[in-house]
Amino acid sequence: MSATPPKVGFVSLGCPKALVDSEQILTQLRAEGYETAKSYDGADLVIVNTCGFIDSAVQESLDAIGEALNENGKVIVTGCLGSKKDAAGEDIVQKVHPKVLAVTGPHALGEVMNAVHLHLPKPHEPFLDLLPPQGVKLTPKHYAYLKISEGCNHRCSFCIIPSMRGDLVSRPIADVMLEAENLFTSGVKELLVISQDTSAYGVDIKFRTGFWNGKPVRTHMTELVASLGELAKNYDAWVRLHYVYPYPHVDDIIPLMNGGHVLPYLDVPLQHSHPDVLKRMKRPANGEKNIERIQAWRKICPDITIRSTFIAGFPGETEEEFQHLLAFLQEAQIDRLGCFAYSPVEGAAANALAAAIPDDLREERRGRVMQLQEKISRDRLQAKIGKTQRVLIDSVDRNGAVARSSADAPEIDGVVYVKRPYDPARQLKVGEFVDVTVTAADAHDLWGSVD
Ligand code: SF4
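Residues numbered from 1 in each chain as written. Predicted model: local features only at pLDDT ≥ 70, side-chain atom pairs only at ≥ 80, totals over all residues. Heavy atoms only, no water.

S.K.: Where do I start with the site of the ligand in this structure?
M.R.: Residues in close proximity to the ligand include C152, H154, C156, F158, C159, P162, Q196, Y245 and R283, which together make up its full environment. Tallied by class, the residues present in the shell around the ligand amount to six nonpolar, two polar and one charged. (Near = heavy atom within 4 Å. Nonpolar A, V, L, I, M, F, W, Y, C, P; charged D, E, K, R; others polar.)

Right under this line is the structure:
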């Protein structure tokens, strides 16, 4: 059985609303197997729930934090003072007591518990804990999906997801970061950020500020990506972004991709290029100048891989509109592309649009897109021959290994076949990063050898 349960000291200040917050935190602590300590000495960590209403209450709270720091040293601060700033816009608690482990605002049970888990982890109790901290995963140990939100605020006319999953609900940023940390700690080397619309993260909660590692972080895509990139650096791991709609703020994350941990890879589902088709599709960001955006991204981050999906034969698509799509693809030189012939999903608004395209024409157009893309992809992959690529190994056999570079998301993109090293002592391992020199390419995959 486990050793003594970890003990948390608790100081509760302020009004009845703060008291109820304290009760909820204490209830959760007890439910998770923590004990409460009656003295600073006997506590492994102290939580101070503060009040920030009037000056005397602020001072009382700051004094209580100072006392807990002196007597114990490990202090988490929550409550109204946690979200209060001084005239210069700085966080009051952080400024007066920079040594506190974490600071949250009021009514922040999840964030407080995340901070407790981080600084005073509950020992694994095999008879009670049926789940590992990272949860049950269906992916291999070295990569995992991180879902940051559920649902979608858009109403694309070919899609029924919002009617099944509802409007966008973003997960609190502290929860997302804690899950990311648990995954990295458990050995994950590549984190794949997913949602229905990653660019919209936080819109539903007005980009509310949460706390991570004691620092305020907004529930916003750019701050999330920056924080995940920092975290991934500590674990020498990758972060890959999926389902990013090309809103202007996406430009801000491209510079982060030159550092190596946020992968230079953007999965941007564009679906079409012609403005009239995009309007009929009711696509988000349908007014964006996507060619210019892609070119600008490549200027900032020359190694960026753009992945996208398209629909051929959408209701009413004229030959001229389809030609517009082909011309767009030729110019955009998208690296990884999936194309689907339009399929009338039951319940989708697009089915009611006039001028459905015959099945065989939809298929024929899809074939023409894929034919063009095959050439584009082949040329782009050929250009990698002779270059060195960092790859993550997915599987090993007697011929060598199957791996993926920054350009290859699992399941949907190509792979890199790595030749078995000449040195028999050099064993390749699943989940290991290796640098390979690319020796050959076809339209989808690369071949290479370990340097
Ligand atoms: S296709 Fe459109 S409506 Fe459907 S999930 Fe994506 S953005 Fe939302």
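Having seen the structure, we can now continue with the description.
S.K.: Any chance you could explain helix α9 (residues 290-300) here in plain terms?
M.R.: Each α-helix winds once per 3.6 residues, and so residues spaced three or four apart point in a common direction. Among the residues of α9, N290, I291, R293, I294, W297 and R298 are the ones counted as buried. One side of α9 holds all its buried residues, which, seen down the axis, span an arc of 165 degrees. In the core, the buried residues of α9 are packed alongside β13 (262-267), β14 (305-312), α10 (319-332) and α11 (359-382). (Buried < 20%, exposed > 50% of the residue type's maximum accessible area, 1.4 Å probe, protein only. Helix = DSSP H or I, 4+ residues; strand = E, 2+ residues; numbered from the N terminus. Arc of directions from axis to C-beta. Contact = heavy atoms within 4.5 Å.)

S.K.: Honestly, the side chain of R362 in this entry has me stumped. Any pointers?
M.R.: Tracing the backbone through its elements, the reader meets R362 in helix α11. For R362, the residues in contact, after removing those within four places along its chain, are A312, G313, A341, Y342, S343, P344 and I357.

S.K.: Looking at this model, I keep getting lost on the sheet that holds β13. Mind explaining?
M.R.: Working definition: the strands of a sheet are paired by backbone hydrogen bonds and lie parallel or antiparallel to each other. Read from one edge of the open sheet, six strands run β6-β9-β12-β13-β14-β15, paired in parallel fashion. The open sheet is flanked by β6 (143-147) and β15 (336-341), the only strands paired with a single partner. Averaged over neighbouring strand pairs, the angle between their axes works out to 20 degrees when direction is ignored. Bridging between β6 and strand β9 (residues 190-194) involves five bridges; their strand directions are parallel. What sits directly across from K147, in β9, is I194. The strands touched by α10 within the sheet are β14 and β15, with β14 carrying the most contacts at an inclination of about 170 degrees. (Pairing = 2+ DSSP bridges. Axes fitted to C-alpha atoms, helices over the stretch in contact; angles between N-to-C directions.)

S.K.: So what exactly am I meant to see when it comes to the nonpolar core here?
M.R.: Nonpolar side chains in soluble globular proteins generally cluster together in the buried interior. Among the nonpolar cores identified, the biggest contains 54 residues, and L241 and L266 are the most heavily contacted of them. It is helix α6 (residues 173-185) that contributes the most residues to this core, seven residues altogether. Not counting residues up to four positions away in its chain, the partners in contact with L241 are V193, M221, V225, I253, M257, V262, Y265, L266 and D267. Formed by 20 residues, the second largest nonpolar core is a distinct cluster that contains V11, V48, I65 and V100. (Core = buried A, V, L, I, M, F, W, Y, C linked by side-chain atoms within 4.5 Å.)

S.K.: Just checking my understanding: could you explain the pattern of salt bridges for this structure?
M.R.: Oppositely charged side chains can form a pair if their charged atoms are brought close together. Under the criterion given, the structure shown has 25 salt bridges. Across the salt bridge formed by E223 and R218, the nearest N and O atoms sit 3.2 Å from each other. Take E223: its relative accessible area is 26%, and that puts it in the partly exposed class. In this structure, R368 and E319 form a salt bridge, with 2.9 Å as the shortest nitrogen-oxygen distance. Residue R368 is found in helix α11, and its partner E319 is found in helix α10; the two are separated by 49 residues along the sequence. Salt bridges sharing common partners tie together E317, E319, E364, R365 and R368. (Salt bridge = Lys/Arg side-chain N within 4 Å of Asp/Glu carboxyl O.)

S.K.: Could you clarify how one ought to interpret the environment of C301 in this entry?
M.R.: Topologically, C301 is positioned in the loop between α9 and β14. With near-sequence residues (within four places) excluded, C301 lies in contact with I254, M257, N258 and P264.

S.K.: Sorry if this is basic, but what is going on with the environment of W447 here?
M.R.: Topologically, W447 is positioned in strand β20 (residues 446-450). Sequence separation between W447 and V416 is 31 residues, and the spatial gap between their C-alpha atoms is 5.4 Å.

S.K.: What is the right way to look at the packing of α6 against helix α7 (residues 221-234) in this model?
M.R.: Geometry of a packed helix pair, given as the angle between the helix axes and the separation of the axes. The N-to-C vectors of α6 and α7 enclose an angle of 25 degrees; their axes lie 11 Å apart at closest approach. Viewed along their axes, α6 and α7 adopt a mutual orientation that is roughly parallel. Crossing angle aside, the handedness with which α6 passes α7 is right-handed. From α6, I173, V176, M177, A180, E181 and F184 reach across to α7, where they touch L224, S227, L228, L231 and A232. (Parallel < 35°, antiparallel > 145°, perpendicular 65-115°, else oblique. Left-handed = near helix turned anticlockwise from the far one by under 90°.)

S.K.: Where do I start with the packing of aromatic side chains in this structure?
M.R.: How two aromatic rings sit relative to each other is given by the distance of their centres and the angle of their planes. Within the structure shown, the criterion is met by seven aromatic pairs. Aromatic side chains F184 and Y235 sit 5.5 Å apart centroid to centroid with 20 degrees between the ring planes, which places their arrangement in the stacked category. You can see F184 sitting in helix α6 and its partner Y235 sitting in the loop between α7 and β12 (238-241), a full 51 residues away along the chain. Geometrically, the ring pair formed by W238 and F433 is tilted, given 4.9 Å between the ring centres and 50 degrees between the ring planes. Placement of the pair is W238 in strand β12 and F433 in strand β19 (residues 433-441), with a sequence separation of 195 residues. F433 matches W238 in its accessibility class, with the two residues each being buried. By way of ring pairs, the aromatic residues F158, F314 and Y342 are connected into one cluster. The side chain of R240 reaches across the aromatic face of Y265, ending 4.5 Å from its centre. Over the ring of Y143 we find R404, and its NZ or CZ is 5.2 Å from the ring centre. (Phe/Tyr/Trp six-rings, centres within 6.5 Å; stacked < 30°, edge-to-face > 60°. Lys NZ or Arg CZ within 6 Å of the ring centre and 35° of its normal.)

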